[in-house]
Amino acid sequence: MSATGQRSVWMVAMIALLGAIGYVALRPPSQPSSVSTSSMPAAATAASNANVSTVPDNPFAPSNAARITPDGAGDWAMEGLNPARTRAVETPIAPPLDQQRVVVAASFEEGVSPPVIVRGLMLLETKETLSAIDLRTGRQRWAYRQKGAYISPAVAGDTVYFRAEQANQGQLVALELSSGRQRWVFTPKRLSSSTNSYFGGHLTSPVVVDGIVYVGAGKELYALDAVTGKVRWEFSAQDFVTSSAAVADGRVFVSDFSYFYAIDQHTGALIWSYPAYSAVYFSSVATGDMVLISSGQSMIALDASDGTKRWEKNIPGASLIPAGAQGDIVFVKTTNELFALDRTSGRELWSFRDVNYVSLPALTRQYVFVINGMGASATVEAIDITTGASIWSQPVPRLATTAPVIAGRAIYVRTTDGRVIELLG
């Protein structure tokens, strides 16, 4: 198939899949592309933002404070949990999760990203606002208003990093975690283009490692100083960037429409590249000595050191994306099916399917937690990681398709009417 044909197929498939997954990675431009990124209004600080609606307080018992870990243990600090995007925690969580509380209520109108939870704060995307909720009290600590669509922010140290994009204008913003005060803003030199039908090239979900923030935009991957926002290095891809970055063992992994790249984390030099039609907006997953990537409808495991192919997985009529890794098991998914594969060989161990939808997972050593189904039939599901058997299921009214996250001893899920539900055993 020609490159143009491949792009057309992926445009249809990925837009459908993004809608099913339930958080916005791309907001189509609402203005002509002639509007320069430099004309994007400067972001208002949290202190001066009088138009931000306050999140209603939530009464919960003082005993709930024992669930919070202010030292950072058990945090879910960025999309995919960690720089390798494995979505795997070490905290043991044993179903049934029969205790529930509403952590916060805040309305939103479109699909949103999962919450980020760090040191007793929940960072929650609502409509054009990033809010920080104190999990001990349920009260809003701060709210930062910025026009655009967000992907889950990344937190490192005392700083929050998030991307905001609207009408093909975008910025990466750094905020002080405790107050929401703006520290710096980075505007990339370009984003997408009308010549590419605004497909690819959008700001990606940031990842922070060793004092450096990695973010893609246009045909570039930027390494920014986490304290100042200054560019440390810049890598130029062959085409528009199509995935968020993953980082592991000194390598940054990212893709464009034609290649998957391994880049030196410290210098920005290309280590190797692999010809691939990558899945738009879905990061690779780095696990051990290899990295999982999408290419066309296939899932490919590459050697992380030199890019040689270890194995390839195909599902007839379905497009696969990397979904996570825990120990010797890696996970890939379609819109409505999750597959557990042997990490070494790619052999299928089990699969879990719903007629409509299965979300990206949150993984422990014993269980795989997913959102299963859509609408009134949607549930939070716990699957045995060894056998694939469903061992616990919990309906949640108005459950959104946003992927679950794990923090401390609790699972957090979102609802379509704006609530965040904490499930605890």
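This one's a predicted model, so the numbers in the text were calculated from it and none came from an experiment.

## Considerations on the overall build of the protein chain
Item 1. Across its full length, the protein chain carries 1 helix and 32 strands.
Item 2. Within the protein chain, the fraction of its 425 residues that count as buried is 63%.
Item 3. A fraction of 52% describes how many contacts in the protein chain between residues 6 or more apart in sequence connect residues 24 or more apart.
Item 4. Here the protein chain has roughly 15500 Å² of accessible surface; of this, 50% comes from carbon and sulfur atoms.

## Describing the pairing of strand E4 (residues 129-134)
Item 1. Among the 6 residues in E4, 6 count as buried, and that is most of the element.
Item 2. The alternating pattern of E4 places Thr129, Ser131 and Ile133 on one face and Leu130, Ala132 and Asp134 on the opposite face, and all of these are buried.
Item 3. Here 6 bridges tie strand E3 (residues 121-126) to E4, and the two strands are oriented antiparallel to one another. Each residue of the ladder has a partner; that of Thr126, found in E4, is Thr129.
Item 4. What sits between E3 and E4 in their antiparallel hairpin is a turn of 2 residues, with Glu128 showing a positive phi close to 55 degrees.
Item 5. Bridge analysis of E4 against strand E5 (residues 140-145) gives 5 bridges, and the strand direction is antiparallel. Of the residues in E5, the one forming a bridge with Ile133 is Gln140.
Item 6. Between the antiparallel neighbours E4 and E5 lie 5 residues, among them Gly138 with a positive phi of about 80 degrees.

## Quick look at the environment of Leu338
Item 1. As for its placement among the helices and strands, Leu338 is situated in strand E24 (residues 337-342).
Item 2. Through-space distance from the C-alpha of Leu338 to that of Val358 is 6.8 Å; in sequence the pair is 20 residues apart.
Item 3. Excluding residues within four positions of it along the chain, Leu338 makes contact with Ala323, Phe331, Val332, Lys333, Trp350, Ser351, Phe352, Val358, Pro361, Val368 and Val370.

## Brief notes about the sheet that holds strand E6 (residues 154-156)
Item 1. Ordered by their spatial adjacency, 4 strands build an open sheet running E6-E7-E8-E9, and the pairing between neighbours is antiparallel. Edge positions in the open sheet fall to E6 and strand E9 (182-186), since each of these has one partner strand only. The mean inter-strand angle of the sheet, taken between neighbouring strand axes irrespective of direction, is 20 degrees.
Item 2. The sheet contact formed by E6 and strand E7 (residues 159-166) spans 3 bridges and is antiparallel. From the neighbouring strand, Val155 faces E7, where its bridge partner is Val160.

## Overview of the confidence of the model for the protein chain
Item 1. Mean pLDDT over the protein chain works out to 83, with 80% of the residues at or above the 70 mark.
Item 2. Ignoring residues within four places in sequence, the model shows residues 1-55, a span with pLDDT below 50, making 119 contacts including any to other chains.
Item 3. The model gives residues 59-66 a pLDDT under 50, and that stretch makes 9 contacts with residues more than four places away or in other chains.

## Side note on the nonpolar core
Item 1. Met122, Phe369, Val380, Ile406, Ile411 and Tyr412 are the most contacted members of the largest nonpolar core, which totals 33 residues.
Item 2. When residues of this core are traced back to their parent elements, those giving at least two are strand E1 (99-105), E3, strand E27 (367-372), strand E28 (379-384), strand E30 (405-407), strand E31 (410-414) and strand E32 (419-424).
Item 3. Once residues within four sequence positions are removed from consideration, Val380 is found in contact with Val370, Ile371, Trp392, Ser393, Gln394, Val396, Leu399, Val413 and Leu423.
Item 4. Counting 32 residues, the second largest nonpolar core, distinct from the first, contains Ala217, Leu224, Trp233 and Tyr261.

## Description of the pattern of salt bridges
Item 1. According to the stated counting rule, one finds 20 salt bridges in the structure shown.
Item 2. With a shortest N-O distance of 3.4 Å, Arg343 and Asp289 are connected by a salt bridge. Highlighted residues: Arg343 in the loop between E24 and strand E25 (348-353) and Asp289 in the loop between strand E18 (285-287) and strand E19 (290-295), separated in sequence by 54 residues.
Item 3. The residue Glu348 makes a salt bridge to Lys313 at a minimum N-O spacing of 2.9 Å. Here Glu348, found in strand E25, pairs with Lys313, found in strand E21 (residues 309-313); they are 35 residues apart in sequence, far enough to count as distant.
Item 4. You can call Glu348 partly exposed: its relative accessible area is 34%.
Item 5. On the basis of relative accessible area, Lys313 is assigned to the buried category, the value being 12%.
Item 6. When salt bridges with common partners are traced through the structure, they connect Asp158, Glu176, Arg181 and Arg183 into a single cluster.

## Digging into the sheet that holds E28
Item 1. Strand order in the open sheet formed by 4 strands is E26-E27-E28-E29, with antiparallel pairing between adjacent strands. In the strand order of this sheet, the two ends are held by strand E26 (362-363) and strand E29 (390-395), each with one partner.
Item 2. As paired strands, E28 and E29 are joined by 5 bridges and run antiparallel to one another. Note on E29: the bridge partner recorded for Val380 is Gln394.

## Section: the pairing of strand E20 (residues 298-303)
Consecutive side chains of a regular strand alternate in pointing toward one face of the sheet and then the other.
Item 1. E20 sits mainly inside the fold: 6 of its 6 residues count as buried.
Item 2. Side-chain alternation along E20 places Ser298, Ile300 and Leu302 on one buried face and Met299, Ala301 and Asp303 on a second face that is also buried.
Item 3. In this sheet, E20 lies alongside E19 in antiparallel orientation, the contact comprising 6 bridges. From the neighbouring strand, Leu292 faces E20, where its bridge partner is Ala301.
Item 4. Once E19 ends, the chain turns through 2 residues before running back antiparallel as E20, passing Gly296 with a positive phi of about 60 degrees.
Item 5. Pairing analysis gives 4 bridges linking E20 to E21, with the strands arranged antiparallel. Across the sheet, residue Ile300 finds its bridge partner in E21, namely Glu312.
Item 6. From the end of E20 to the start of E21, which pair antiparallel, there are 5 residues, and Gly307 there has a positive phi angle of about 80 degrees.

Conventions we followed
- Residues numbered from 1 in each chain as written.
- Predicted model: local features only at pLDDT ≥ 70, side-chain atom pairs only at ≥ 80, totals over all residues.
- Heavy atoms only, no water.
- Helix = DSSP H or I, 4+ residues; strand = E, 2+ residues; numbered from the N terminus.
- Buried < 20%, exposed > 50% of the residue type's maximum accessible area, 1.4 Å probe, protein only.
- Contact = heavy atoms within 4.5 Å.
- Areas by Shrake-Rupley, 256 points an atom, 1.4 Å probe, with all protein chains shown as cover.
- Pairing = 2+ DSSP bridges.
- Axes fitted to C-alpha atoms, helices over the stretch in contact; angles between N-to-C directions.
- pLDDT = per-residue confidence, 0-100.
- Core = buried A, V, L, I, M, F, W, Y, C linked by side-chain atoms within 4.5 Å.
- Salt bridge = Lys/Arg side-chain N within 4 Å of Asp/Glu carboxyl O.

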